Amino acid sequence: MISQIIFTVIFTGSILWFFSSLKKIRDNIFLGKKVTVKGEVKERLKIMARVALGQGKMFTRPVAGLLHLIVYLGFLIVNIEMLEIVIDGVAGTHRVLSFMGGFYDFLIASFEFFAVAVIIACIVFLIRRNILKIKRFHNPEMTKWPKTDANLILIFEILLMTAFLTMNAADSLLQQLNADHYVKAGAFPFSSFLHPLFSGFDIQQLIIVERSAWWFHIIGVLLFLNYLPISKHFHIIMAFPNTYFSKLEPKTALDNLEAVTREVKLMLDPNANPYEAPASNEQPGRFGAKDVTDLNRIQLLNAYTCTECGRCTSVCPANITGKKLSPRKIMMDVRDRMEELGKHKRQHGNVDDGKALIRDYISEEEIFACTTCNACSEICPVNIDPVSIIIDLRRYLVMEESKLPQEWTTMLTNIENNGAPWQFSMNDRLNWVNE
Amino acid sequence: MSETLKVKTMAQFAAEGKQPEILFWVGCAGSFDDRSKKITRAFAKILNHLEIDFAVLGTEESCTGDPAKRSGNEFLFQMQAMVNIQTLNGYGIKKIVTTCPHCFNTLKNEYPSLGGNYEVLHHSQFLQQLIDEGKLKVQGGSFKGKKITFHDPCYLGRGNNIYEAPRELIKQLDADLVEMKRCRSESFCCGAGGAQVFKEAEPGNKEVNIERTEEALELKPDVIATGCPFCMIMLTDGVKLKNQNENVKVIDLAELIAAGL
Ligand code: SF4
Ligand code: SF4
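Residues numbered from 1 in each chain as written. Chains lettered and ligands numbered in written order. Predicted model: local features only at pLDDT ≥ 70, side-chain atom pairs only at ≥ 80, totals over all residues. Heavy atoms only, no water.

### Re the site of ligand 2
- In the neighbourhood of ligand 2, 13 residues make up the surrounding shell, with Cys306, Cys309, Gly310, Cys312 and Cys380 of chain A lying closest.
- Secondary structure elements with two or more residues in the shell around ligand 2: helix H10 (311-315) and helix H12 (327-348) of chain A. (Near = heavy atom within 4 Å. Helix = DSSP H or I, 4+ residues; strand = E, 2+ residues; numbered from the N terminus.)

What follows is the structure, encoded as structure tokens:
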């Protein structure tokens, strides 16, 4: 009875804790501007099903793709097991779902299969990250925490799966010994290899092993749940909404700022009286983005979804040729800045802490280096669009601060005066016909 | 090239009270850059050869605003766009063909929400259609059996999913099409986009166009084919810097086709 109460308290507590973290993240995302979402729900759901649920973009890197698929399936399937653990924990039952008979045996056997596969995959991942020199795991933005974060989660998973197998091994021995409470249920093709570890254990000792592993497993899972919101592994949740809100327009199509459209129309309309311009209700917003509050909520959602896998950076022509720009760093900076500003807002009630995304996090040099080739957004396994953020930051520098490379100033003046980025006369536009 | 081209402007069509089948949007590079002008002439030659009824805007054409937009000057972009849309709509233009993927992308994707709605085609798509319809017969000529690799322009491929038309055109020449390691949706940028072609690159350890040129040269091709005047500029520079301009030519799709007419 005592253990049931303890279990229920721990379980409810960690679920509440998890939801309060979710709320903070939601508030942080809502620092951004509202966006109107265009496109059909059906089409969006399809993209979500293909990219997030079906891992549609993971297999451009086959090795990583396969390993990830194993961990992902393992995660999904072992979660079903959680259902039973929770019921048992609250009700004090043991293997409550075992009434399913043969199907239950099959379920437990496949959980074990995945537990082993996940352990192997995680070990390979650890080797890839820490021993093999795969460049994208060693970029400058992969500093202490991002590295530790990735390793922690892998070790976490290995421990959880080991606890699960240990629990099963002890349980099946108890079943063989006809111990009270331990109903005969389940098939244990993998954990039975652990039996020799417990040779000579009596029922009491086996129960201690089984119970410890059970508690370790469930508390581990609950800790894992609450670790997610502070980790890049939050993508296992965010990938779904994020892919739902994917950009549907062609990749290279940039949005046309509406505020600018209004002004340009006024400027071009000879009959317009600027003083009569209908006052719009909106704040006279900023052009482009200086801080996360100028970005929109989908862009901020993108940042929370980033898995820091670095695929984007590994295909970025600027990064490959040694420039500072790294699209992954852009996404990490946006997330860090959001967290910082959100915290400031919760503590002080306003969103001015004297800092900004530009310069405090992202330098001009990075912003100006992007060729807008969209290699990053093409390869991103969770459909993140770093280019839209880079362009918004550029817009701010160029339109609000007139901070831009000298050659661009010349180019823009040429367009303004001659209708071409080079200094040629409009009248020479047809010269090619007779050359 | 010295053959005379027959090119009429929209203003001339309007004066005759006629409407051309298509508007050929030449673009700034196609109008002013010496190398790109050859692409423009080659495409006009094909249109003349097939007696396609086309017009250009001539002195009424202005920059689409692509470099202004990508460099962050949305104001200038929209000014350019609005003026161009006024011109295009004034002439009642329905269908536009262009040899520049940047113009293509802007006209097709960014003009509609500003009031400019047209059917926009890249010349590779347009030529492909003509071949499919049996109107254009292509001969390999001097390119027959030559090793050609195609560099996917970002604004054509990743941007607008046009991967097949350029390759189909090259196959028509009975050429040996070889692919680079990074091709199609994983193609590597030439380094020009995002208005980068108009400024020095940020500090790094290599120029983007050199990286791409090296990748192409690894295949030991006779020809690097492109479908973008800016890729043309970047790759031609790259090939020159690698001292390979005697052995490897950078040629636009329109030129490949025009050469066999
Ligand atoms: S769009 Fe910009 S950031 Fe993304 S890969 Fe290309 S150059 Fe890099
Ligand atoms: S933006 Fe996408 S590709 Fe880049 S690190 Fe994040 S998840 Fe990976």
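Text resumes after the structure shown.
### Remarks on the site of ligand 1
- Close to ligand 1 lie 13 residues, the nearest being Cys316, Cys370, Cys373, Asn374 and Cys376 of chain A.
- Elements that contribute at least two residues to the shell around ligand 1 include exactly helix H15 (375-379) and helix H16 (386-400) of chain A.

### So, the nonpolar core
- Counting 128 residues, the largest nonpolar core has Val334 of chain A together with Leu23, Leu88 and Ile96 of chain B as the members making the most contacts within it.
- Counting residues per element, this core draws most heavily on helix H4 (residues 102-130) of chain A, at 11 residues.
- The residues touching Leu23 of chain B, leaving out its near neighbours within four places in the chain, are Met10, Ala55, Val56, Leu57, Leu88, Ile93, Lys95, Ile96 and Val97 of chain B.
- Counting residues in each nonpolar core, the second largest holds 48 residues, with Leu5, Phe43, Leu47 and Val239 of chain B among its members. (Core = buried A, V, L, I, M, F, W, Y, C linked by side-chain atoms within 4.5 Å. Buried < 20%, exposed > 50% of the residue type's maximum accessible area, 1.4 Å probe, protein only. Contact = heavy atoms within 4.5 Å.)

### Some points on the pattern of salt bridges
- According to the stated counting rule, one finds 42 salt bridges over all chains in the structure shown.
- Note that Glu141 of chain A and Arg328 of chain A form a salt bridge whose closest N and O atoms lie 3.1 Å from each other. Of the two residues, Glu141 of chain A sits in the loop between H4 and helix H5 (144-176) while Arg328 of chain A sits in helix H12, which places them 187 residues apart along the sequence. The residues Glu141 of chain A and Arg328 of chain A share a single accessibility class, namely buried.
- Of the charged contacts in the structure, one is a salt bridge between Lys135 of chain B and Glu133 of chain B, with a shortest N-O distance of 2.9 Å. (Salt bridge = Lys/Arg side-chain N within 4 Å of Asp/Glu carboxyl O.)

### What about the sheet that holds strand E3 (residues 54-56) of chain B?
Residue and element names in this part refer to chain B.
- Pairing within the open sheet is parallel, and its 5 strands lie in the order E1-E3-E2-E4-E5. In this open sheet, the two strands that pair with only one neighbour each are strand E1 (8-9) and strand E5 (119-122).
- As paired elements, strand E2 (residues 22-25) and strand E4 (residues 95-98) share 3 bridges and run parallel to each other. Within E4, the residue paired with Leu23 across the bridge is Ile96.
- Together, E2, E4 and E5 form the strand contacts of helix H7 (residues 123-132), whose direction differs from that of E5 by roughly 90°. (Pairing = 2+ DSSP bridges. Axes fitted to C-alpha atoms, helices over the stretch in contact; angles between N-to-C directions.)

### Description of the interface of chain B and chain A
- The interface of chain B with chain A comprises 72 residues on the first partner and 60 residues on the second.
- Buried area between chain B and chain A, summed over both chains or domains, comes out near 5700 Å², and the portion from carbon and sulfur atoms is 66%.
- Across the contact surface, chain B and chain A share 3 salt bridges.
- Here Glu74 of chain B ties to Arg395 of chain A by a salt bridge, and the two come within 3.3 Å at their closest N and O atoms.
- Taken together, the links from chain B to chain A amount to 33 residue pairs in polar contact (both at pLDDT 80 or more).
- Contributions of two or more residues to the side of chain B that touches chain A are made by helix H2 (27-32), helix H3 (34-49), helix H4 (66-70), helix H5 (74-90), helix H6 (101-110), helix H8 (157-160) and helix H10 (208-217) of chain B.
- If one sorts the elements of the side of chain B that touches chain A by residue count, H5 of chain B sits on top with 9 residues. (Buried area = accessible area lost by both parts, 1.4 Å probe. Polar contact = N/O pair within 3.5 Å; in protein donor to acceptor, adjacent residues only side chain to side chain.)

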